Amino acid sequence: MHYQYQCKIRPVDFWKLSMRRTYRSLVGVCNIVFGAAMILLTIRFFHQAGDVVQALLFLACLLVPVIQPLGVYLKAKAQVAVMPQGTELSFHEDGIHVTLGDEREFIRWNKVKGVRKEGSTIIVYTDANHGYMLTSRVLGREKDDFYQYVRKHMNR
């Protein structure tokens, strides 16, 4: 049995991953508290404030739900722009065969550091900070079977 996929990462894939990680951490809790506090402060003091303060209150209300996600998306877009596209991953009994154009790499299962489901994405980590992202769009119905396959092979 083997699985073969073409990596097709879009900026929205990185954006979803980043936003999921942010809002499942202490930073996300702080963002939510800050956003709610700014909305309450704006409601309470908007009519009493001058034009400049009203503009600042309005911008502060937009910071968490609009400006921060937009900044994350722009960063994701920059990441995708420098990533090599068209990477082909082939998962076999002996390991992972990676092909990018004329370049080939082989990663043995004992070198795989982990596999993780993050929403609609599965990340196969080749070291502590790097890995290959495979989205549900790429994996299709094989997502759960593929995840179990990788877990089984890396734990040998």
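All of the points below concern the structure found in this document. Because the structure is a prediction, the values reported are computed rather than measured. The residue count restarts for each chain, going from 1 along the sequence in the order it is written. Two thresholds apply to this predicted model, a pLDDT of at least 70 for residue-level local features and 80 or more for giving and counting side-chain atom pairs, whereas whole-chain, interface and lining totals are computed over all residues. Water and hydrogen atoms were dropped before computing side-chain values, which therefore reflect all heavy atoms in the structure.

This part covers the nonpolar core. In this description, a nonpolar core means a group of buried Ala, Val, Leu, Ile, Met, Phe, Trp, Tyr and Cys residues linked to one another through side-chain atoms lying within 4.5 Å. Per-residue accessibility, obtained with a 1.4 Å probe over protein chains only, is compared with the maximum for each type, and a residue is labelled buried under 20%, exposed over 50%, and partly exposed between these values. Membership of the largest hydrophobic core comes to 22 residues, with the highest contact counts inside it found for F91, I96, L134, F146 and V150. Going through the elements one at a time, β1 (3-6), β2 (88-91), β3 (95-100), β6 (121-125), β7 (131-135), α4 (136-139) and α5 (143-154) are the ones with two or more residues in this core. By definition, any uninterrupted DSSP run of H or I lasting at least four residues is a helix, any uninterrupted run of E lasting at least two residues is a strand, and each is numbered from the N terminus. Element by element, the count of residues in this core is highest for α5, at five residues. By the convention used here, residues are in contact when the closest approach between their heavy atoms is within 4.5 Å. Contact partners of F91, with chain neighbours within four places excluded, come to M1, H2, Y3, Y5, I96, W109, V124, L134, F146, Y149 and V150.

Moving on: helix α3 (residues 51-82). The bend at a residue is defined as the angle formed between two axes, one fitted to the seven residues ending at that residue and one fitted to the seven starting there. A maximum bend of about 70° is found in α3 at L63, where proline P65 lies one to four positions downstream. Those residues of α3 lying buried are Q54, L57, A60, C61, V64, P69, V72, A76 and V80. Close packing links the buried residues of α3 with α1 (11-23) and α2 (26-45).

Here we come to the sheet that holds β6. With antiparallel pairing, the three strands of this open sheet are ordered in space as β5-β6-β7. Only two strands of the sheet have a single neighbouring strand rather than two, namely β5 (114-118) and β7. Neighbouring strand axes in the sheet, compared pairwise and without regard to direction, differ in orientation by 20° on average. A strand pair is defined by DSSP finding two or more bridges across the two strands. In this structure, β6 lies alongside β7, joined through five bridges in antiparallel fashion. Note that in β7 the partner of V124 across the bridge is Y132. Axis lines are fitted to C-alpha atoms, over the contacting stretch for helices. Their N-to-C directions set the angle, which ranges from 0 to 180 degrees. Against the sheet, α1 touches β5, β6 and β7, its axis set at about 105° to β7. Its contacts with the sheet put α5 on β5, β6 and β7, and the angle it makes with β5 is roughly 155°.

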